[in-house]
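# Summary of structural features
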Amino acid sequence: MSSSSSSTFVPKPVQEQLSNGEEFSERYIYKGQDRETVGAHFPVADIQVVDLRKFSSLSPERDEEFKKLKSALNSWGCFQAVNHGMSISLMEQTREATKSFFATAKEEKQKYARPEDDIEGYGNDMILSEKQTLDWTDRLYLTIMPIGQRKLQYWPQTPPNFRDVLDEFAKASERIGEEVFKAMAVSLGLDEHCFLEMYGKEPKMYARFNFYPPCPRPDLVLGVKPHADGSALTILLQDKDVEGLQVKKNGQWFQVATIPDALLINVGDQMEIMSNGYFWSPVHRVSTNASKERISVAVFCIPDGESEIEPAGELMDEDRPRLYKTVKNYVDLYFQNYQIGRRPIDAAKI
């Protein structure tokens, strides 16, 4: 990324533009091929609910739950996780801390502003192209694991419990992620550590706190453009009250329901590669709302940058040949491709 492309236009946070009464910018109008679907109503996706507690070896319904997980990830690329072990109180504290941070004064939020050359911090995403459509969202992006790589200068101290809540949320997400990696492997008949070994010794986890203010033109503007995740796995804590997430399947958009006590877990591109396409990384986007604000917290589980990500050997045979190349540092390619509307996984396909 050249410095000239990012310094040409640096938008203020959406919240700030609204409070200043600034004129709506055309840079937010979505111009993609499916732009006529923006603001439309869609059927609700029949995404399966998976009970993580049943993966225990003591559960008589264990095998059935593995089949359900495999089916969900093969058909939708995501599932609603219940009995995941993250307490309801922690989920609620995380939602409240997110709302409280975005409700603080502009000057307080700017203490954690993202530098032009870094992804971490408060504000909006990097501008990589003059033609880049902007997302109607403000975000706070933080490294949460490993603990030693956290950049605490970007971790808010308002509200006062933010750091403690995030630390607890990060540890719970890490445990859930490992449990799901094992379950995904078992569901495909692999050793439970197969995907975890590729995940590597120094995997990273990032949290993205999203705030979607009310939008004057929900028929033209998206909270987040269509994309698939560059992670191996993404864990999403949704807003309890306001829906907005949409997922694409067979060329059709579907609304994703909110289940208050569930975590939505989806496959990222790197898991699609590891599973040799048995699991697929779904394209999704976020709609805007004319009258209601919305929040969400996404945790991206990213393999160790030194790990080679490739299809598991047991998932390739004469009937199902290898579908993907070996990749390394996949995330480095991801953001550039995402902002210009290209799917980086296409470059990994054989």
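Residues numbered from 1 in each chain as written. Predicted model: local features only at pLDDT ≥ 70, side-chain atom pairs only at ≥ 80, totals over all residues. Heavy atoms only, no water.

Under an unreviewed UniProt entry, the chain has the name Fe2OG dioxygenase domain-containing protein and belongs to Kalanchoe fedtschenkoi. UniProt annotates the chain under Sequence similarities (unreviewed entry) with the comment "Belongs to the iron/ascorbate-dependent oxidoreductase family." (UniProt positions renumbered as here; feature names shortened; annotations may be inferred.)

Throughout the structure, instances matching the rule amount to three cavities of 30 Å³ or more. Each pocket or cavity is described by its volume, and for the largest cavity that value is around 120 Å³. Considering the residues around the largest cavity, the lining is formed by 14 residues, among which Asn124, Asp125, Leu134, Asp135 and Thr137 are closest to the centre. When the residues that make up the lining of the largest cavity are grouped by side-chain class, the tally is five nonpolar, five polar and four charged. Looking at the second largest cavity, its volume works out to about 60 Å³. In this structure, the second largest cavity is lined by Tyr212, Pro213, Val242, Glu243, Gly244, Ser287, Thr288, Asn289, Lys292 and Arg294. Grouping the constituent residues of the lining of the second largest cavity by class yields three nonpolar, four polar and three charged. (1 Å grid on protein atoms, 1.4 Å probe; cavity = no way out; pocket = protein on both sides within 12 Å on 5 of 7 lines; lining within 4 Å. Points joined across faces, edges and corners; volume = space filled by probe spheres on them. Nonpolar A, V, L, I, M, F, W, Y, C, P; charged D, E, K, R; others polar.)

A sheet is described by the order of its strands in space; here eight strands give the open sequence E1-E2-E10-E7-E12-E5-E4-E3, paired in mixed fashion. At either end of the open sheet lies a strand with only one pairing partner, and these are strand E1 (49-51) and strand E3 (121-123). Averaged over neighbouring strand pairs, the angle between their axes works out to 25° when direction is ignored. Of the strand pairs in this sheet, strand E7 (residues 233-238) and strand E10 (residues 263-267) are connected by four bridges, and their pairing is antiparallel. (Pairing = 2+ DSSP bridges. Helix = DSSP H or I, 4+ residues; strand = E, 2+ residues; numbered from the N terminus. Axes fitted to C-alpha atoms, helices over the stretch in contact; angles between N-to-C directions.)

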